[in-house]
Amino acid sequence: MSIKSREDANKYYNQINKLVDEYTDNHKIRPSRLGKYLKPGSDRSKRFLKRNNLSDVVGTDRILGDIIEDRVNMESD
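Owing to the predicted nature of the structure, the values given are computational and were not obtained by experimental measurement.

Asks: For this particular structure, what's the right way to read the packing of aromatic side chains?
Replies: For any pair of aromatic rings, the description rests on two quantities: the centre-to-centre distance and the angle between the ring planes. Scanning the entire structure with this criterion turns up one aromatic pair. Aromatic side chains Tyr23 and Phe48 sit 5.9 Å apart centroid to centroid with 85° between the ring planes, which places their arrangement in the edge-to-face category. Residue Tyr23 is located in helix α1 (residues 6–27), and its partner Phe48 is located in helix α3 (residues 43–51); the two are separated by 25 residues in the primary sequence. Residue Tyr23 shares its accessibility class with Phe48, and that shared class is buried.

Asks: Just checking my understanding: could you explain the packing of α3 against helix α4 (residues 60–76) for this structure?
Replies: When two helices pack together, their arrangement is given by the angle between the helix axes and the distance between those axes. At their nearest, the axes of α3 and α4 sit 11 Å apart, and the two run at 110° to each other. It follows from the interaxial angle that α3 and α4 lie roughly perpendicular. For the pair α3 and α4, the contacting residues are Ser45, Phe48 and Leu49 in the first and Thr60, Asp61 and Leu64 in the second. Across the contact of α3 with α4, the residue classes break down as three nonpolar, two polar and one charged.

Asks: Would you explain the nonpolar core in this entry?
Replies: If you look at soluble globular proteins, the nonpolar side chains tend to sit buried side by side. Within the largest apolar cluster, 15 residues are counted, with the highest numbers of intra-cluster contacts made by Ile16, Val20, Leu34, Phe48, Leu49, Leu54 and Leu64. Of all the elements in the fold, those that place two or more residues in this core are α1, α3 and α4. The element that contributes the greatest number of residues to this core is α1, accounting for five residues. The contacts of Val20, once residues within four sequence positions are left out, are Leu34, Leu64, Ile67 and Arg71.

Thresholds applied
Residues numbered from 1 in each chain as written. Predicted model: local features only at pLDDT ≥ 70, side-chain atom pairs only at ≥ 80, totals over all residues. Heavy atoms only, no water. Phe/Tyr/Trp six-rings, centres within 6.5 Å; stacked < 30°, edge-to-face > 60°. Helix = DSSP H or I, 4+ residues; strand = E, 2+ residues; numbered from the N terminus. Buried < 20%, exposed > 50% of the residue type's maximum accessible area, 1.4 Å probe, protein only. Axes fitted to C-alpha atoms, helices over the stretch in contact; angles between N-to-C directions. Parallel < 35°, antiparallel > 145°, perpendicular 65-115°, else oblique. Contact = heavy atoms within 4.5 Å. Nonpolar A, V, L, I, M, F, W, Y, C, P; charged D, E, K, R; others polar. Core = buried A, V, L, I, M, F, W, Y, C linked by side-chain atoms within 4.5 Å.

Here it is, written out as structure tokens:
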């Protein structure tokens, strides 16, 4: 499955954004630490996406990387 429209992309961005929020809020992990832990393309990021039933969607690894990068930049500001 792949992301074919803007609506699909927004849906996956929102879904992954909520997952990252839960992860940082519940586990009290700073985005910079999470960025090191869930590097795009790493086994950990693949397991994260698989655990949340997103591994079959092409492009979710890029979305995860974008969201984490955005959070790291907000943390540094």
